[in-house]
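Inside the fold
Read off the chains here:
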Amino acid sequence: MAADDVDRIVSAWRRERPDLDVTPLEVFSRVSRLARRLDLARGTAFAEYGLDGWEFDVLSALRRAGSPYELSPGQLVAETLVTSGTMTNRVDRLAARGYVERHPDPTDRRGVLVRLTPSGMAVVDAALSDLLAHEHDLLAELGVGERGELAGLLRRLLRPFESDAG
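Everything numeric in this text was worked out from a predicted model, so none of it was measured. Numbers given for residues are sequential positions, taken from 1 along each chain in its written order. Only residues with pLDDT of at least 70 are given local features in this predicted model, and only at 80 or more are side-chain atom pairs given and counted; all residues enter the totals for whole chains, interfaces and linings. Only hydrogens and water are removed before side-chain values are computed, so all heavy atoms of the structure are retained for them.

Let's talk about the overall build of the protein chain
The condition is simple: Helix numbers and strand numbers start at the N terminus; a helix is a DSSP run of H or I with at least 4 residues, a strand a run of E with at least 2. Two things to know: the radius of gyration comes from C-alpha atoms, and the globule rule equals 2.2 Å times the number of residues to the power 0.38. Only protein chains enter the accessibility calculation, which uses a 1.4 Å probe; a residue is then buried when its area is under 20% of its type maximum, exposed when over 50%, and partly exposed in between. Whether two residues are in contact is decided by their heavy atoms: any pair within 4.5 Å suffices. Accessible surface area values rest on a Shrake-Rupley calculation with a 1.4 Å probe, where residue burial reflects the displayed protein chains alone. Charged-residue counts in this description rest on Lys and Arg as positive and Asp and Glu as negative, His and the chain ends being excluded. For the purpose of locating charges, the reference atoms are NZ of Lys, CZ of Arg, CG of Asp and CD of Glu.
Scanning the protein chain from terminus to terminus reveals seven helices and three strands. Helices and strands appear in the protein chain in the N-to-C order α-α-α-β-α-α-β-β-α-α. Relative to its length of 166 residues, the protein chain is extended, with a C-alpha radius of gyration of 20 Å against a globular reference of 15 Å. Here the C-alpha coordinates of the protein chain stretch approximately 65 × 35 × 30 Å along the principal axes. Across the 166 residues in the protein chain, those meeting the buried criterion constitute 23%. Of the contacts made within the protein chain by residues no fewer than 6 positions apart, 47% connect residues no fewer than 24 positions apart. Counting only carbon and sulfur atoms, one obtains 56% of the accessible surface of the protein chain, whose full area is about 11,400 Å². For the protein chain, the separation between the mean place of its 22 positive charges and that of its 27 negative charges on side chains is 3 Å.

Okay, structure coming up:
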């Protein structure tokens, strides 16, 4: 297997700091570099639809909620891992673009629900389809079994950080 940039970095650290076990760099430096490249690729994919990454995140949270495609601002905060103040600003901006609407919460007269509009659904569905096509291409180097194995290993590493872990 051909060496990559991480192999060169790890080799240099082994040379300079032979007293340290630098094997975690072999995994996490690759994960970090891959995450940065994926963020850039996703940003490019979303930009084709005039979306920022955060807009896709909010719209996709609403889309995944299922019909009637609405969530409370608190649920959106939990889904997107931002503060309530940030979410208020994001919902305002998406509403101004016609992608979401606010409706009174029938179960809480002080509450509101954020609902995906038909134009919001159309843009998030199109962006997701293109994103998945691109990401399938990225995974083409791996066989189906390897993809499953990699997903399982990454799940094990990520699990302690997830909100429902424990």
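Thoughts on unusual backbone geometry
Note the cis peptide between Ser 67 and Pro 68, where omega equals 10 degrees. Checked against the element boundaries, Pro 68 lands in the loop between α3 (53-64) and β1 (70-71). For Tyr 69, which is not a glycine, the phi torsion comes out positive at approximately 60 degrees. You can see Tyr 69 is positioned in the loop between α3 and β1.

Topic: the environment of Glu 26
How we decide: In protein, a polar contact means a hydrogen-donor-capable atom and an acceptor-capable atom, both N or O and within 3.5 Å, with residues adjacent in sequence counting only if both atoms are side-chain atoms; elsewhere, any N or O pair within 3.5 Å suffices.
Residue position: Glu 26 is located in helix α2 (residues 23-47). A sequence separation of 15 residues divides Glu 26 from Ser 11, and the C-alpha atoms of the two residues are 10.0 Å apart. Once you skip the residues sitting within four places of it in the chain, Glu 26 turns out to touch Val 6, Val 10 and Arg 14. One polar contact links Glu 26 to Arg 14, side chain to side chain, over a distance of 3.4 Å.

Side note on the sheet that holds strand β3 (residues 108-116)
For the record, the criterion: Strands are treated as partners if at least two bridges between them are detected by DSSP. Only the stretch in contact is used when a helix axis is fitted, and all axes are lines through C-alpha atoms; the angle between N-to-C directions ranges over 0 to 180 degrees.
Taken in spatial order, the three strands make up an open sheet running β1-β3-β2, and their pairing is antiparallel. Among the strands making up the open sheet, the edge pair consists of β1 and β2 (100-105). Where β1 meets β3, two bridges bridge the pair, whose relative direction is antiparallel. Its bridge partner being in β3, Leu 71 is matched across the sheet by Val 114. Sheet strands in contact with helix α5 (residues 84-96) are β2 and β3, and its direction is about 120 degrees off that of β2.

Topic: the nonpolar core
Heads up, the condition is: Remark: nonpolar core denotes a set of buried residues (Ala, Val, Leu, Ile, Met, Phe, Trp, Tyr, Cys) joined through side-chain atoms within 4.5 Å.
Counting residues in each nonpolar core, the largest one holds 22 residues, and the members touching the most others are Leu 51, Phe 56, Leu 59, Leu 62, Leu 76, Leu 94 and Val 100. Every element with two or more residues in this core is listed here: α3, α5, β3 and α6 (118-138). With six residues, α3 is the single largest residue contributor to this core. If we ignore the near neighbours within four places in the chain, the residues touching Val 100 are Leu 59, Leu 62, Val 91, Leu 94, Ala 95, Val 114, Arg 115 and Thr 117.

Concerning the pairing of β3
Relative to β3, β2 runs antiparallel, the two being bridged by six bridges. Among the inter-strand pairings, Arg 102 is bridged to a residue of β3, identified as Val 114.

Thoughts on the packing of aromatic side chains
Two measures describe an aromatic ring pair: the distance that separates the ring centres and the angle between the ring planes. For clarity, the threshold we go by: Working definition: rings of Phe, Tyr and Trp (its six-membered ring) pair if their centres are within 6.5 Å, and the pair is stacked with planes under 30 degrees apart, edge-to-face with planes over 60 apart, and tilted otherwise.
As enumerated under the stated definition, the model contains one aromatic pair in all. Here the aromatic rings of Phe 46 and Phe 56 are separated by 4.2 Å at their centres, their planes lie at 15 degrees, and the arrangement is stacked. With Phe 46 in helix α2 and Phe 56 in helix α3, this pair connects stretches of sequence that are 10 residues apart. On the basis of relative accessibility, which here comes to 4%, the residue Phe 46 falls in the buried class. A relative accessible area of 7% means that Phe 56 is categorised as buried.

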